[in-house]
Amino acid sequence: MEALEKRREHVIALFRIVLGLLFACHGAATLFDVLGGPHGAAPAFAAWPGWWAAVVQLVGGTLVLCGLATRSAAVLCSGSMAYAYFVEHQPDGLFPIENGGESAAMFCWSFLLVAAVGPGRWSLAALLRPRRRAGGRPATGSLPADTPTSV
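Note that the structure is predicted; figures quoted are calculated from it, not measured.

**Let's talk about the UniProt feature "transmembrane region" (unreviewed entry) in the protein**
Here is step 1: Listed under "transmembrane region" (unreviewed entry) in the UniProt record, and renumbered for this structure, are residues 12-32.
Here is step 2: In the segment residues 12-32, helix accounts for 100% and strand for 0%; the C-alpha atoms at its two ends are 30 Å apart.

**Some remarks on the nonpolar core**
Here is step 1: Judged by nonpolar contacts, the single largest core of 16 residues is most densely connected at Phe23, Val64, Ala74, Met81, Phe107 and Phe111.
Here is step 2: When contributions to this core are tallied by element, the ones reaching two or more residues are α2 (8-32), α3 (50-66), α4 (70-89) and α6 (102-117).
Here is step 3: Residues within four places of Ala74 in sequence aside, it is in contact with Val64, Phe111, Val114 and Ala115.

**Observations regarding a nonpolar patch on the surface**
Here is step 1: On the surface, a cluster of nonpolar side chains totalling about 580 Å² of accessible area is made up of Trp48, Trp52, Tyr83, Phe86 and Val87.
Here is step 2: No other element matches α4, which puts three residues into the nonpolar patch.
Here is step 3: On the secondary structure map, Trp52 appears in helix α3.
Here is step 4: With a relative accessible area of 39%, Trp52 lands in the partly exposed category.

Conventions adopted
Residues numbered from 1 in each chain as written. Predicted model: local features only at pLDDT ≥ 70, side-chain atom pairs only at ≥ 80, totals over all residues. Heavy atoms only, no water. UniProt positions renumbered as here; feature names shortened; annotations may be inferred. Helix = DSSP H or I, 4+ residues; strand = E, 2+ residues; numbered from the N terminus. Core = buried A, V, L, I, M, F, W, Y, C linked by side-chain atoms within 4.5 Å. Buried < 20%, exposed > 50% of the residue type's maximum accessible area, 1.4 Å probe, protein only. Contact = heavy atoms within 4.5 Å. Patch = residues over 30% accessible without salt bridge, like charges linked within 9 Å, V, L, I, M, F, W, Y side chains within 5 Å. Areas by Shrake-Rupley, 256 points an atom, 1.4 Å probe, with all protein chains shown as cover. Salt bridge = Lys/Arg side-chain N within 4 Å of Asp/Glu carboxyl O.

Here you go:
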């Protein structure tokens, strides 16, 4: 188990990346008729909820994939899949196996996990975040103002 704990950041990053990629692919397939095209009829431009769901899938999935605004994007993606499950799938049966909502349920709970855990160290947000010194000041390329430059 210690070996798994040592690789925790890698596993979180890989999970986030794969989840975001799969979700973004669903949106791209629906919006641009690529990757096998949409499941079912392609929604008309700005049609509720199909077209908007595809936009959330593409944009939200890409943000989660990259690790930018990860928590907010993951909450939005999770909510959209909860909506999809309860509005589109639930009327056809109680359990996901009965109503065809397995992927909606899995995406919903997976994005909720990403929202709780965060993007992790291996994300673009972590790269863009300024590094902090021990004193809490941002680390820059120059010396602090109070550092003597000559002996």
